[in-house]
Amino acid sequence: MLRTGEGKRDGSSAMLTRRAAIVGLGASLAAPALLSLPRRPAAKPLLTPPTVSTPPAIHDVTLEAKARRLKLLGKDGPESTLWTYGDALFPILRLKRGDRLRATLKNSLTEHTSIHWHGVRVPNDMDGVQYVTQKPVEPGESFTYDFTLPDTGTFFFHPHCNETGQVGHGLLGVVIVAGDESETFDDEVVIIAKDWRLAEDGSFLPFSTDSGAARAGTFGTLRTANGAKSFTRKVPAAADLRLRLLNLDATRMMDVGVEGAEARIIAIDGNPVEAMPLDTWRMGAASRLDLVLRTPKAGGKVRLRDYFPAEIFDLAELEAEGPDRRAGPFDPAPLYASQVPEPDLARAEAQSFVFGAASDAIASFIDTLDPDDPLTKVILDDLCTASRTFWAINKRSWPNDGHRNLPPPLARLKPGESYRFTLQNATPHPHPIHLHGHTFKVLGSSKRKLPVHYADTVLVLPKERIEIAFVAAAGKWMFHCHILEHLETGMMGYFANA
Ligand code: C2O
Ligand code: CU
């Protein structure tokens, strides 16, 4: 289906019927009116995955976080000093469900770091959050992450302290866990969208600004896909192509669509869904989307586009070549379902979380500090930069630099019990909300028709309420907005066990 960009900017609001909008605005918290899409009768259900019988493979990898000189501004442009996990930008680790990853982070930076495995249901001590689940990995030190991959999908990894700076310099990698395909696709393309805050001489501009942090975030000056200003690739003709798209920008929201090919959504945040035709799909920072599309005949072009900005941005241009791979209608086989624990909605405990501006949060946090603890002074000194705390969850702001002395958890959850959370955005900006260590079920929205699906990050638009449900895992798990400046200026908290 070939489409023009006409009217695309409003693609997702167009999906919202007038009645739906009225229901959404008028509904009270006590009786949430949820909109969700009914299952498409024609959709083929996901398949039950086969049991893994071969012994799991062990993958030993070393990820050296280090400054490296690379060119982002074109072949003739200046070099930039990026921080990367390997000699190339964005390493991709490919494993199979059930495999074991032993990844040694070697810190060759001049500041401490760690690795968080975004979306992967790891044991809590492998979650990579400095001061919460592990000690910081200091310069010159190493730390080995060792865990089994329970779910198939498209995941990523990044540091969890000074995120604007470390991710801003390029510290990102991808984890692809295979095993969800019941029939193999003909080819696969991975697209990593990330902007850079670069000056013309190739040096970095400040990653965070007060004006950005207090609003929708500080945007980059250079948009890239896979580190290129315009990413192109040859693909086989008349083929079923899997496309894995990751929005790894610190800030950006995208409305993604495909022109030049019929496309279906097959996974969200790596979790298989019954194939849905792609119109446009809105992706906040940290979201991933897996598509399958039927490429055109040789010479034909497919564009993966972001319709959100005033000027459409092409994330990729794929050109078909060679003999046709397939004849007949486009009818991709369903994926194997993931095996995420299913929340028991009838018994789930309901809680609600309001994402808002920082208020008297600092004062209430200070009340929790022990005046005899020498760290209190350090934390208070940090908090004197109060202009840098803009955001809060349930009126509580994460202390800017107070990780050494953990604030109390947002809530205590019982491992194995089901919870149903209402996420409510009380600000004029969208917030992509991420829960560590869990894959939650998105039940619906007060504003948009969303399919019921599993995710680890969900975009909550201004004035929107989103309902999620999940089975709590053991440990301390971070819960935050994935606009990196928002989590650094207060919109973060964690859950501990009851
Ligand atoms: Cu990608 Cu704390 O998250
Ligand atoms: Cu946010």
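Criteria and thresholds
Residues numbered from 1 in each chain as written. Chains lettered and ligands numbered in written order. Predicted model: local features only at pLDDT ≥ 70, side-chain atom pairs only at ≥ 80, totals over all residues. Heavy atoms only, no water. Pairing = 2+ DSSP bridges. Helix = DSSP H or I, 4+ residues; strand = E, 2+ residues; numbered from the N terminus. Axes fitted to C-alpha atoms, helices over the stretch in contact; angles between N-to-C directions. Buried < 20%, exposed > 50% of the residue type's maximum accessible area, 1.4 Å probe, protein only. Core = buried A, V, L, I, M, F, W, Y, C linked by side-chain atoms within 4.5 Å. Domains from an automatic or database assignment. Contact = heavy atoms within 4.5 Å. Donors = N, O, S within 2.8 Å, 3.2 Å for Na, K, Ca; no water. Phe/Tyr/Trp six-rings, centres within 6.5 Å; stacked < 30°, edge-to-face > 60°. Salt bridge = Lys/Arg side-chain N within 4 Å of Asp/Glu carboxyl O. 1 Å grid on protein atoms, 1.4 Å probe; cavity = no way out; pocket = protein on both sides within 12 Å on 5 of 7 lines; lining within 4 Å. Points joined across faces, edges and corners; volume = space filled by probe spheres on them. Nonpolar A, V, L, I, M, F, W, Y, C, P; charged D, E, K, R; others polar. Polar contact = N/O pair within 3.5 Å; in protein donor to acceptor, adjacent residues only side chain to side chain.

(A) Region of the structure containing the sheet that holds strand β7 (residues 142-148). If you trace the four strands from one edge of the open sheet to the other, you get β3-β2-β5-β7, paired in mixed fashion. Where the open sheet ends on each side, the last strands, each with one partner, are β3 (79-84) and β7. Strand-to-strand twist across the sheet, computed as the mean angle between neighbouring axes with direction ignored, equals 25°. Sheet topology note: the strand β2 (residues 58-71)/strand β5 (residues 100-107) ladder contains eight bridges and is parallel. Bridging across to β5, Leu63 finds its partner in Leu105.

(B) How the structure looks around the pairing of strand β25 (residues 431-435). Burial analysis of β25 places five of its five residues in the buried class, the great majority of the element. Burial along β25 is two-sided: the residues His431, Ile433 and Leu435 and Pro432 and His434 are all buried. Sheet analysis places β25 next to strand β29 (residues 457-460), joined by four bridges and oriented antiparallel. Across the sheet, residue His431 finds its bridge partner in β29, namely Val460. Both β25 and strand β31 (residues 477-481) contribute to a ladder of three bridges, which runs antiparallel. Residue pairing for β31: Ile433 is matched across the bridge by Cys481.

(C) Fine view of the nonpolar core. Counting residues in hydrophobic clusters, the biggest one holds 60 residues, and the most contacted among them are Ile191, Leu304, Leu423 and Phe479. A per-element tally of this core places strand β20 (residues 313-321) first, with four residues. Taken domain by domain, the makeup of this core includes at least three residues from each of domain 1 (14-26 + 182-321) and domain 3 (349-497). When near neighbours in sequence (up to four residues on either side) are disregarded, Leu304 contacts Ile191, Leu243, Leu245, Val256, Gly257, Val258, Leu291, Phe313, Asp314, Leu315 and Ala316. Grouped together as the second largest cluster of nonpolar side chains are 27 residues, Leu172, Leu198, Phe207 and Leu487 included.

(D) Quick look at the coordination of the copper ion (ligand 2). The copper ion (ligand 2) binds to the protein through His431 (ND1), Cys481 (SG) and His486 (ND1), with metal-donor distances spanning 2.0 to 2.1 Å. Read from N- to C-terminus, the donor residues coordinating the copper ion (ligand 2) fall into the pattern H-x49-C-x4-H. Of this pair, His431 sits in strand β25 while Cys481 sits in strand β31; the two residues are 50 residues apart in sequence, bridging distant segments of the chain. Judged by relative accessible area, which is 0%, Cys481 ranks as buried.

(E) Focus on the packing of aromatic side chains. Scanning the model with the defined rule gives 19 aromatic pairs in all. Geometrically, the ring pair formed by Phe204 and Phe207 is tilted, given 5.3 Å between the ring centres and 40° between the ring planes. For the pair Phe204 and Phe207, a shared accessibility class is recorded, and that class is buried. The interplanar angle of 45° and the centroid separation of 5.0 Å between the aromatic rings of Phe479 and Phe495 together place this pair among those described as tilted.

(F) Region of interest: the pattern of salt bridges. As enumerated under the stated definition, the model contains 35 salt bridges in all. For Lys106, the salt bridge is made with Glu64, and the minimal N-O distance between the two is 3.5 Å. Pair noted here: Lys106 is in strand β5 and Glu64 is in strand β2, with a separation of 42 residues, a long-range link. Between Arg288 and Asp269 there is a salt bridge, and its shortest N-O distance comes to 3.6 Å. Of this pair, Arg288 sits in strand β18 (residues 288-294) while Asp269 sits in the loop between β15 (263-268) and β16 (271-277), and the two are 19 residues apart along the sequence. With relative accessibility at 1%, the residue Arg288 sits in the buried group. Counted as one network, the salt bridges with shared partners bring together Arg94, Asp180, Glu181, Glu188, Arg242, Arg244 and Asp290.

(G) Main features of empty space enclosed by the protein. Scanning the model with the defined rule gives three cavities of 30 Å³ or more in all. If you trace the largest cavity, you find 14 residues lining it, with Arg197, Phe207, Thr218, Asp249 and Ala250 closest to the centre. Sort the elements by how many residues they give to the lining of the largest cavity and strand β10 (residues 187-196) lands first, with three residues. A class-by-class count of the residues in the lining of the largest cavity yields four nonpolar, five polar and five charged. Put simply, the second largest cavity is a space of about 50 Å³. In terms of lining residues, the second largest cavity is bounded by Phe156, His158, Val167, Leu172, Asn247, Leu248, Asp249, Ala250, Ala286, His482 and Leu484. By residue class, the composition of the lining of the second largest cavity is seven nonpolar, three polar and one charged.

(H) Examining the environment of Asp255 more closely. On the secondary structure map, Asp255 appears in strand β14 (residues 254-259). Considering only alpha carbons, one finds Asp255 and Pro309, 54 residues apart in sequence, at a separation of 8.6 Å. Reaching out from Asp255, the side chain makes a polar contact with the side chain of Arg282 at a distance of 2.9 Å.

(I) Representation of the environment of Ile92. Tracing the chain through its elements places Ile92 in strand β4 (residues 92-96). In this structure, the C-alpha to C-alpha distance between Ile92 and Val174, residues 82 residues apart in sequence, is 4.6 Å. The residues touching Ile92, leaving out its near neighbours within four places in the chain, are Val174, Ile176 and Val190.

(J) Representation of the sheet that holds strand β21 (residues 349-357). If you walk across this open sheet you meet the six strands as β22-β21-β24-β30-β26-β28, and the pairing is mixed. The open sheet has two edge strands, β22 (391-393) and β28 (453-455), and neither has a second partner. The sheet shows a mean angle of 25° between the axes of neighbouring strands, direction not considered. Bridging between β21 and β22 involves three bridges; their strand directions are antiparallel.

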